[in-house]
Amino acid sequence: MKTGKVSENIIKRSVLKNISRTSAEENPDCALFTGYIAGESMGEAGAHAMIKAVNRALEAGCKPVSASLSVTMPEKMREKRLKEIIASADREAVSRRISIISGHTETIPELKYPIITVTLSAIRERCDTLDAETDDRVSETERVRKAFPGQTVIMTKWAGIYGSALLATEHAKGPDTKYPPFLTEDARGLWQFLSIEKEATSAYKYGARYMYACSDGGVFAGLWKLADRSGVGIEVDLKAIPIRQETVELCEYYDINPYKMGSDGSLLIATDGPEELIDRLTREEIHASVIGRITEGTDRVVIMNEDKRFLEEPTQDELCKVLW
């Protein structure tokens, strides 16, 4: 198999079909979410892994309670790096009132980078706004877990946040030979935007029925999964997808697609009330844009000017071309 995230087809036929227990997606009261990072040896890698996992819980309207942390290390990794990973993960957990209740560490020969896995236990919270709402299309427990044709798709922040910050942190010397130093400095500052807590909380409160936290594979992967998991189509205007100039420049330098690059920190929201939600997010100083709509059928379309292209099933993240 290729390096990086396993394809959706492999996950469906070799993982999900072989799990007999009730999944987290089907349980309205409690869920387990796993997030991982396999990449460059960053001091904040533990915190980033924790944020990835927390974002998965938040997109489902769940409150994280406890976490299990596992670190798989290269044989040559120094103990100092392990301390940094654990300390940063714990710092992030404490800031969110999450207890780390178990863990595992081991080394594996020929592993290039550390792999950090965070498994969360979370509780589905009720939402008075949704409880008071009447909707013949869906039951109460499904209201935040399915998108419907006719809904508007909102995206928060910008495409390629995580990938831009990672490239600027680990490979700054390359782009700095072509671009002004402030560009990579601005890209490194994107680490602060990885959490979706504020926007997910607001979206859930103001009636969003489905949210998807972008991650590996970028915005295109997020859009495909949003539609696939709800069994609907989606139509998106490429020009409406927000992207920062530093991301454009970095992706041009490395010849990679910014819409297929790690976008942790961006949240896709399907909603019936886009104006109210965007107004709320704007007042909370969260950048949010309408980028498309949910459609009938199963076509996943991206429009650029008068041209249409179909989204493909997510494959390898573009970062793999640079980092591994």
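All figures in this text were calculated on a predicted structure; none of them were measured in a lab. (Residues numbered from 1 in each chain as written. Predicted model: local features only at pLDDT ≥ 70, side-chain atom pairs only at ≥ 80, totals over all residues. Heavy atoms only, no water.)

Q: How should I be thinking about the pairing of strand β6 (residues 210-213) in this particular structure?
A: Walk down a regular strand and you will see the side chains alternate between the two sheet faces. Here β6 shows two buried faces, one formed by Tyr210 and Tyr212 and the other by Met211 and Ala213. Where β6 lies against strand β8 (residues 267-271), four bridges are found, and the strand directions are antiparallel. Across the sheet, the residue bridging to Tyr210 is Ala270, located in β8. (Buried < 20%, exposed > 50% of the residue type's maximum accessible area, 1.4 Å probe, protein only. Helix = DSSP H or I, 4+ residues; strand = E, 2+ residues; numbered from the N terminus. Pairing = 2+ DSSP bridges.)

Q: When you look at the pattern of salt bridges in this model, what are you seeing that I'm missing?
A: A side chain of one charge can pair with a side chain of the opposite charge if their charged atoms are brought near each other. For the coordinates displayed, the defined rule picks out 14 salt bridges. Salt-bridge contacts for Arg293 lead to Glu235; the nearest nitrogen and oxygen are separated by 3.5 Å. Taken together, the positions of Arg293 in strand β9 (residues 288-295) and Glu235 in strand β7 (residues 233-237) put the pair 58 residues apart, joining distant regions of the chain. The partly exposed category is assigned to Glu235, whose relative accessible area is 22%. Glu284 is the partner of Arg280 in a salt bridge, and the nearest nitrogen-oxygen pair spans 3.0 Å. Among the ionic contacts, a cluster of salt bridges with common partners joins Lys52, Asp216 and Asp264. (Salt bridge = Lys/Arg side-chain N within 4 Å of Asp/Glu carboxyl O.)

Q: Hey, could you run me through helix α8 (residues 197-205) in this one?
A: Because an α-helix packs 3.6 residues into every turn, residues spaced three or four apart end up facing the same way. Glu199, Ala200, Ser202, Ala203 and Tyr204 are the residues of α8 that are buried. Directly beyond the C-terminal end of α8, a positive phi value near 95° is found at Gly207.

Q: Where do I start with the environment of Pro114 in this structure?
A: Relative to the helices and strands, Pro114 resides in the loop between β3 (99-108) and β4 (115-124). Note: C-alpha distance between Pro114 and Glu75 (39 residues apart in sequence) is 9.7 Å.

Q: Just checking my understanding: could you explain unusual backbone geometry for this structure?
A: Glycine aside, negative phi is the norm for most residues, and most peptide bonds take the trans geometry. Backbone geometry at Asp255 places phi at a positive 55°, although glycine is not the residue there. Note on placement: Asp255 falls in the loop between α10 (245-254) and β8. Phi at Glu285 takes a positive value of approximately 60°, unusual for a residue other than glycine. Residue placement: Glu285 occurs in the loop between α11 (274-283) and β9. The class of Glu285 is exposed, set by a relative accessible area of 76%.

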